[in-house]
Every structure is written in C-alpha cells, then in structure tokens.
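What follows is each chain in one-letter form.
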Amino acid sequence: LASQGQLLAKSWSSLFEGQASATLQGPIYSFNGRNILTDSLWPQQLAWHGSTPRGGQARRRNCQGWRSSGVGEGLATPLREGKLLAGHRHNCSEV
C-alpha cells in the first residue's frame, strides 16, 4: 500500500491482522496535503473506523448520527499502533 508513492504497509491484510509489517512505514496525507503523523493540526492521529476486530460494524460505537451537542463513543486506533482494527473507545467529540 502506498501514499504519494511511498510504502505504507507491505500488504492490505497486514494492516488488519496486526503483523509486524503493519506498522505504518511512511507519511499519511490529509486531503489538503498535510502529513497527519507530524502536523500539529492532527494531534489525535487516530484511524476512526467503528468496526469490530473482524471488520464488522460495531453497533453503538461508530459515532453514526452523533452531533456535537450529544455524547457518543466510537472505535478508533492510533495510526502508529499497527493493528488497524484494534478498536479503542474514544469520545466522538475527539474527531
């Protein structure tokens, strides 16, 4: 997998299975070209996914329908952790 021509991971499945090769090996860019792993505008550096470790939808933990006036919880994983669907609970307002 590559981002702007740089290797991110050795394979698609390694991102989900937590293999040693799943640790991101290059920068990840936002849509406006910022490197989210080093840019101060991205302090959380989380991959929000709302999925179970097997890839199914985590009901009530996906921030679906969340509004800033409400309380909600979603699943996200620190990008540097390696196992993309590890799923740590985070308040939806942290997005």
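Structure first, text after, so check above.
Residues numbered from 1 in each chain as written. Predicted model: local features only at pLDDT ≥ 70, side-chain atom pairs only at ≥ 80, totals over all residues. Heavy atoms only, no water.

### Some details on the overall build of the chain
The condition that has to hold: A helix here means a DSSP run of H or I that spans at least four residues, while a strand means a run of E at least two residues long, and both kinds are numbered starting from the N terminus. Each residue is placed in one exposure class: buried if its accessible area under a 1.4 Å probe, protein chains only, is under 20% of its type's maximum, exposed if it is over 50%, and partly exposed if it falls in between. Any two residues whose heavy atoms approach within 4.5 Å at even a single point are treated as in contact.
Each helix and strand counted, the chain has 1 helix and 5 strands in total. Reading the chain from its N terminus to its C terminus gives the helix and strand order β-β-α-β-β-β. Split into buried and exposed, the 95 residues of the chain put 32% on the buried side. Within the chain, contacts between residues at least 6 apart in sequence are counted, and of these 42% link residues at least 24 apart.

### Quick look at the sheet that holds strand 5 (residues 88-91)
Cut-off, in case you're wondering: The criterion for strand pairing is that DSSP finds at least two bridges linking the strands in question. The convention used is that axes are lines fitted to C-alpha atoms, helices contributing only their stretch in contact, and that angles between N-to-C directions extend from 0 to 180 degrees.
An order of 3-4-5 is seen for the 3 strands of this open sheet, with the pairing classed as antiparallel. One side of each edge strand has no neighbouring strand; the edge strands of this open sheet are strand 3 (46-48) and strand 5. Between one strand axis and the next, the sheet turns by 50° as a mean value, whatever way the strands run. In this structure, strand 3 lies alongside strand 4 (residues 73-78), joined through 3 bridges in antiparallel fashion. The partner of leucine 46 across the bridge, within strand 4, is proline 78.

### With respect to the pairing of strand 4
The pairing of strand 4 with strand 5 spans 4 bridges and is classified as antiparallel. Residue glutamate 73 lies in a different strand from strand 5, and its bridge partner there is asparagine 91.

### Side note on the environment of leucine 7
Take leucine 7: it is sitting in strand 2 (residues 6-7). Residue leucine 7 is classed as partly exposed on the basis of its relative accessible area of 43%. C-alpha separation for the pair leucine 7 and proline 27, spaced 20 residues apart in sequence, amounts to 8.8 Å.

Without other data, these values stay purely geometric and don't point to any function.
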